[in-house]
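# Analysis of the macromolecular model
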Amino acid sequence: MDRILVTGGTGYIGSHTVVELQQSGFEVIIVDNLVNSNVDVLCGIEKITGVRPIFENVDCTEYVNLDRTIEKYPGIKAIIHFAALKAVGESVSHPLEYYRNNLVSLINLLELMPKHKIENIVFSSSCTVYGQPDVLPVTEDAPIKKALSPYGNTKKIAEDIITDTINANHALSAILLRYFNPIGAHPSAEIGELPNGVPNNLLPYITQTAIGLRSELKVFGNDYNTPDGSCIRDYINVVDLAKAHVIAVQRMLQKKQKSDVEIFNLGTGRGLSVLELLDIFQKVNKVKVPYKIVGRREGDIEQVWANPARANKELGWKAQSSVEDTLKSAWKWELKLKERREK
Ligand code: NAD
Ligand code: UDP
């Protein structure tokens, strides 16, 4: 059984990826310091797959601890590096926390890879590196724009750090996955997104409003240059996204990649506006979401959606889930959280 190290594996995307890795026959070691996740996620993973992943409560910024942890598990074939802080607003008020956490973690891993003879790394990047693209749908070859937040900048800098490192050491390979907007939960509702405090992201805000935790959704702007005036994003099902990581790892282990660093957009190829997503959510779940239009949110991109052709062709990966099913899974998860709170 090939061993994979998953940093940030108790987090939202990480936990869904751990499930898919286990179901594809990999042994998973999770490293997470639980700064934005809960150890109970391991029970959810175990309920789905029947296997409790190995878990190490370690901060990736702590080199010595990370080194000792990796030492404990010889023969790791690849790292999937999810661990990062991701709140855009917080990164503006606490930039150094973001640069330290997100970049030191990455540098530690890249330094430890040759030491422990680990050749492959998959990195969680983001479509935020494109800023507002000049051409839509956006391809991987689009220019990288100046980041609008320290968080976004950590993704841009991390991509450069990885590329430079791999150019200097051809024994290493990397796949950079640029996610669009991951949403939804595992269809079993055993795992899903667990936002800390008031959600920053649209879908958890919608589900929490629908369940009565929030009084109304604020739609940030209806005066954009889009058909209904609200912003457009490419919402990608989190399980579909997770599956792409398994394919990326398999590709690296089979050394099928064409170059030392490959970059893939992970999106559906379809853009939906905030108001469209809200409308579909209410229809498929037969639930009302009170909302009001407010002013624009600072730093928001007007519209972005992916051209996922490269991932479709090279990885043989395609987003499969309909947005309707994805929005149902998000609602099922919110209902499950309510049930847990009431127990
Ligand atoms: P998440 O916060 O749910 O998961 C991140 C996990 O990393 C958490 O469990 C957290 O406890 C852990 N972590 C953070 N810093 C750590 C450290 N120093 N050491 C060990 N563990 C640490 O976030 P997510 O949505 O699952 O995102 C995963 C990755 O994908 C992140 O790198 C994020 O920037 C990236 N990404 C997310 C989105 C999105 O919309 N969710 C979009 C694009 C990219
Ligand atoms: N959005 C909104 N109300 C909210 C949260 C988000 O109208 O409470 C909008 C936001 O302006 C953006 C879209 O929903 O147009 C997606 O926002 P999110 O923060 O989820 O993702 P990102 O902006 O990082 O793509």
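So, how was this worked out
- Residues numbered from 1 in each chain as written.
- Chains lettered and ligands numbered in written order.
- Predicted model: local features only at pLDDT ≥ 70, side-chain atom pairs only at ≥ 80, totals over all residues.
- Heavy atoms only, no water.
- UniProt positions renumbered as here; feature names shortened; annotations may be inferred.
- Near = heavy atom within 4 Å.
- Polar contact = N/O pair within 3.5 Å; in protein donor to acceptor, adjacent residues only side chain to side chain.
- Areas by Shrake-Rupley, 256 points an atom, 1.4 Å probe, with all protein chains shown as cover.
- Helix = DSSP H or I, 4+ residues; strand = E, 2+ residues; numbered from the N terminus.
- Buried < 20%, exposed > 50% of the residue type's maximum accessible area, 1.4 Å probe, protein only.
- Axes fitted to C-alpha atoms, helices over the stretch in contact; angles between N-to-C directions.
- Parallel < 35°, antiparallel > 145°, perpendicular 65-115°, else oblique.
- Left-handed = near helix turned anticlockwise from the far one by under 90°.
- Contact = heavy atoms within 4.5 Å.
- Nonpolar A, V, L, I, M, F, W, Y, C, P; charged D, E, K, R; others polar.
- Core = buried A, V, L, I, M, F, W, Y, C linked by side-chain atoms within 4.5 Å.
- Salt bridge = Lys/Arg side-chain N within 4 Å of Asp/Glu carboxyl O.
- Pairing = 2+ DSSP bridges.

With an unreviewed UniProt entry as reference, the protein chain is termed UDP-glucose 4-epimerase, source organism Candidatus Gallipaludibacter merdavium. According to the UniProt record, the Sequence similarities (unreviewed entry) comment for the protein chain reads "Belongs to the NAD(P)-dependent epimerase/dehydratase family." Quoted verbatim from the Pathway (unreviewed entry) field of UniProt, the annotation for the protein chain is "Carbohydrate metabolism; galactose metabolism."

## Regarding the site of ligand 2
The environment of ligand 2 is made up of 15 residues, and the closest members are Leu-202, Lys-218, Arg-233, Arg-297 and Asp-300. Between ligand 2 and the protein, one listed contact pairs an oxygen atom with a backbone N or O atom of Leu-202 at 2.9 Å. Within the contact set of ligand 2, an oxygen atom lies 2.5 Å away from a side-chain nitrogen or oxygen of Asp-300. For ligand 2, the accessible surface in isolation is 510 Å², of which the surrounding protein chains cover 87%.

## What about unusual backbone geometry?
Trans peptide bonds make up most of the peptide bonds, and negative phi angles are found at most residues other than glycine. Between Leu-136 and the following residue, Pro-137, the backbone shows a cis peptide bond with an omega angle of -5 degrees. Examined against the element boundaries, Pro-137 turns out to sit in the loop between strand 5 (120-126) and helix 6 (150-168). Residue Leu-34 is not a glycine yet carries a positive backbone phi of 60 degrees. On the secondary structure map, Leu-34 appears in the loop between strand 2 (27-31) and helix 2 (41-49). Positive phi values are uncommon outside glycine, yet Lys-117 reaches one of about 55 degrees. Assignment of secondary structure puts Lys-117 in the loop between helix 5 (95-115) and strand 5. Judged by its relative accessible area of 70%, Lys-117 is exposed.

## Quick notes on the site of ligand 1
In the vicinity of ligand 1, 29 residues are found, and the nearest of them are Ile-13, Asp-32, Asn-36, Ser-37 and Tyr-151. Between ligand 1 and the protein, one listed contact pairs an oxygen atom with a side-chain N or O atom of Ser-37 at 2.6 Å. For ligand 1, an oxygen atom lies 2.6 Å from a polar atom in the side chain of Tyr-151. Coverage of ligand 1 by the protein amounts to 95% of the 820 Å² it exposes when considered alone.

## Here's the deal with the packing of helix 7 (residues 202-210) against helix 9 (residues 274-285)
In the contact formed by helix 7 and helix 9, the axes pass within 11 Å of each other and the chain directions differ by 40 degrees. On the basis of their axis angle, the class for helix 7 and helix 9 is oblique. For helix 7 against helix 9, the interelement crossing comes out right-handed. Of the residues in helix 9, those in contact with Leu-202, Leu-203, Ile-206, Thr-207 and Ala-210 of helix 7 are Val-274, Leu-277, Leu-278 and Phe-281. For the contact of helix 7 with helix 9, the residue count by class is eight nonpolar, one polar and no charged.

## Details of the nonpolar core
Counting 45 residues, the largest nonpolar core has Ile-4, Leu-21, Phe-180 and Leu-266 as the members making the most contacts within it. Per-element accounting of this core gives the leading share, eight residues, to helix 8 (residues 238-253). Discounting residues that sit within four places of it in the chain, Leu-21 has contacts with Ile-4, Val-6, Phe-26, Val-28, Ile-80 and Val-246. Val-58, Leu-109, Met-113 and Leu-172 belong to the second largest nonpolar core, which has 28 residues in total.

## A word on the pattern of salt bridges
Across all of its chains, the model carries 21 salt bridges by this definition. Notably, a salt bridge pairs Asp-134 with Lys-145, separated by 3.2 Å at the nearest N-O pair. Of this pair, Asp-134 sits in the loop between strand 5 and helix 6 while Lys-145 sits in the loop between strand 5 and helix 6, and the two are eleven residues apart along the sequence. The network of salt bridges with common partners includes Arg-251, Glu-262, Lys-313 and Glu-314.

## Topic: the sheet that holds strand 5
Overall, parallel pairing links the seven strands, which are arranged 3-2-1-4-5-6-11 in an open sheet. Only two strands of the sheet have a single neighbouring strand rather than two, namely strand 3 (54-56) and strand 11 (261-266). With direction set aside, neighbouring strand axes in the sheet form an average angle of 20 degrees. Relative to strand 5, strand 4 (residues 76-81) is paired through four bridges, and the arrangement is parallel. Among the inter-strand pairings, Ile-80 is bridged to a residue of strand 5, identified as Val-122. Where helix 8 meets the sheet, it contacts strand 1 (3-7), strand 4, strand 5, strand 6 (173-179) and strand 11, and its direction lies at approximately 165 degrees from that of strand 6.

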